[in-house]
Structure formats: structure tokens, C-alpha cells
Amino acid sequence: MQRIQPPDWAEPRGYANGVLARGSLLFVSGQIGWNAQQQFESDDFVAQTRQTLQNIAAVLKAGGAGPEHMVRMTWYVVDRVEYLARLKELGGVYREVMGKNFPAMTCVQVAGLVEARAQVEIEVTAVLPD
């Protein structure tokens, strides 16, 4: 995999502007902050994000991949203000679970998620090299 960065752009913090990769694609469906039994253990945004990332890591592992294989990540949050206010905490949780693997990312605020208690949903695309 190769990070793509236009030479005259400022370096992004916590994501890549582009990723070039070859191999087998692994698509991880939108994961939310409940456990393997589909039960929420917290309504806290950061705690749900930690669980969501752990769920993604579990799916990646089941597919023979790891966080280092992520090339694309899309975050759906129900509260943009809380997301921005807690970026430092989120960064710590992200690095704790995913390490220093920063794919191309998008984050959007949504009116709601299918599961009413969910505060964040994240989907990932990974590429396992040939």
C-alpha cells in the first residue's frame, strides 16, 4: 500500500488523503458500539467508539487482515459537536485499537442510526496484498 499525498498539500492528521493498494478486498459492514452478543454496554460516545473499533478489528482478523490493511474508513456520527469536542480522546482510543494505521477517512453526521442507542457506525475497506 502506498499513501497518496499531493506534494503541495498540508499533511493530514489521523488519516490519509489517498491510498493506492493491490490485493484481495475485504469489506467490513458498518459496525456499531455493541458487543458480540449485540448488547450495548455503554451510552458514552467514546466507549461506543472503542467497541466499534474492536468489532472492526475482529472482523478484519476473521478475514485474515489487520488494521494495517485498512485503506478506507467511513464514520457516521449522530453528534458532530461531541465528535469534535472529544477528538483527543477518540485519537487515543483509535491508536489503542488500530495502532498508527490511518486510511483514507470520511466522517459525516447523520440524523440517526438503525439501532437507536448507537452513536457511531463505522465501515471499512481493507486490502490484503497479493
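Check the entry above for the structure.
Residues numbered from 1 in each chain as written. Predicted model: local features only at pLDDT ≥ 70, side-chain atom pairs only at ≥ 80, totals over all residues. Heavy atoms only, no water.

**Student:** What should I look at first to understand the overall build of the chain in this one?
**Tutor:** The helix and strand tally for the chain stands at 3 helices and 6 strands. Sequence-ordered secondary structure for the chain, helices as α and strands as β, is β-β-β-α-β-α-α-β-β. A globule of 130 residues ought to have a C-alpha radius of gyration of about 14 Å, and the chain, at 15 Å, matches this closely. Expressed as a percentage of the 130 residues in the chain, the buried residues total 40%. Put simply, of all contacts in the chain between residues at least 6 apart along the chain, 78% involve residues at least 24 apart. Just so you have it, the chain exposes about 7,600 Å², and 50% of that area is on carbon and sulfur atoms. (Helix = DSSP H or I, 4+ residues; strand = E, 2+ residues; numbered from the N terminus. Rg over C-alpha atoms; globule rule 2.2 N^0.38 Å. Buried < 20%, exposed > 50% of the residue type's maximum accessible area, 1.4 Å probe, protein only. Contact = heavy atoms within 4.5 Å. Areas by Shrake-Rupley, 256 points an atom, 1.4 Å probe, with all protein chains shown as cover.)

**Student:** What is the right way to look at helix α1 (residues 45-62) in this model?
**Tutor:** Helical periodicity: at 3.6 residues per turn, an α-helix aligns residues three or four positions apart in one direction. With 18 residues, α1 should reach 26 Å at 1.5 Å per residue; the first-to-last C-alpha distance of 26 Å fits that figure. Those residues of α1 lying buried are F45, V46, Q48, T49, Q51, T52, L53, N55, I56 and L60. Residues of α1 that are buried make contact with β3 (24-32), β4 (70-77), α2 (80-85), α3 (87-98) and β6 (120-128). One or two residues past the end of α1 sits G64, with phi positive at roughly 80°. (Expected span 1.5 Å × (residues − 1).)

**Student:** When you look at unusual backbone geometry in this model, what are you seeing that I'm missing?
**Tutor:** Across residues other than glycine, the phi torsion is negative in most instances, and most of the peptide bonds are trans. Positive phi is not limited to glycine here, since Q38 has a value of about 60°. Within the secondary structure layout, Q38 lies in the loop between β3 and α1. With relative accessibility at 53%, the residue Q38 sits in the exposed group.

**Student:** Looking at this structure, how should I read the environment of E121?
**Tutor:** With respect to the element layout, E121 can be found in strand β6. C-alpha separation for the pair E121 and I32, spaced 89 residues apart in sequence, amounts to 4.7 Å. Beyond its immediate stretch of four places on either side in the chain, E121 contacts G30, Q31, I32, T74, W75, Y76 and L113.

**Student:** Any chance you could explain the packing of aromatic side chains here in plain terms?
**Tutor:** The description of an aromatic ring pair rests on the distance of the ring centres and on the angle between the ring planes. The final tally for this structure, using the stated rule, is 3 aromatic pairs. Between W34 and F40, the ring centres sit 5.6 Å apart and the planes meet at 50°, which makes this aromatic pair tilted. For the pair W75 and Y83, a centre-to-centre distance of 5.9 Å together with 70° between the ring planes defines the contact as edge-to-face. For W75, a relative accessible area of 4% corresponds to the buried category. Given the relative accessible area of 18%, Y83 is considered buried. (Phe/Tyr/Trp six-rings, centres within 6.5 Å; stacked < 30°, edge-to-face > 60°.)

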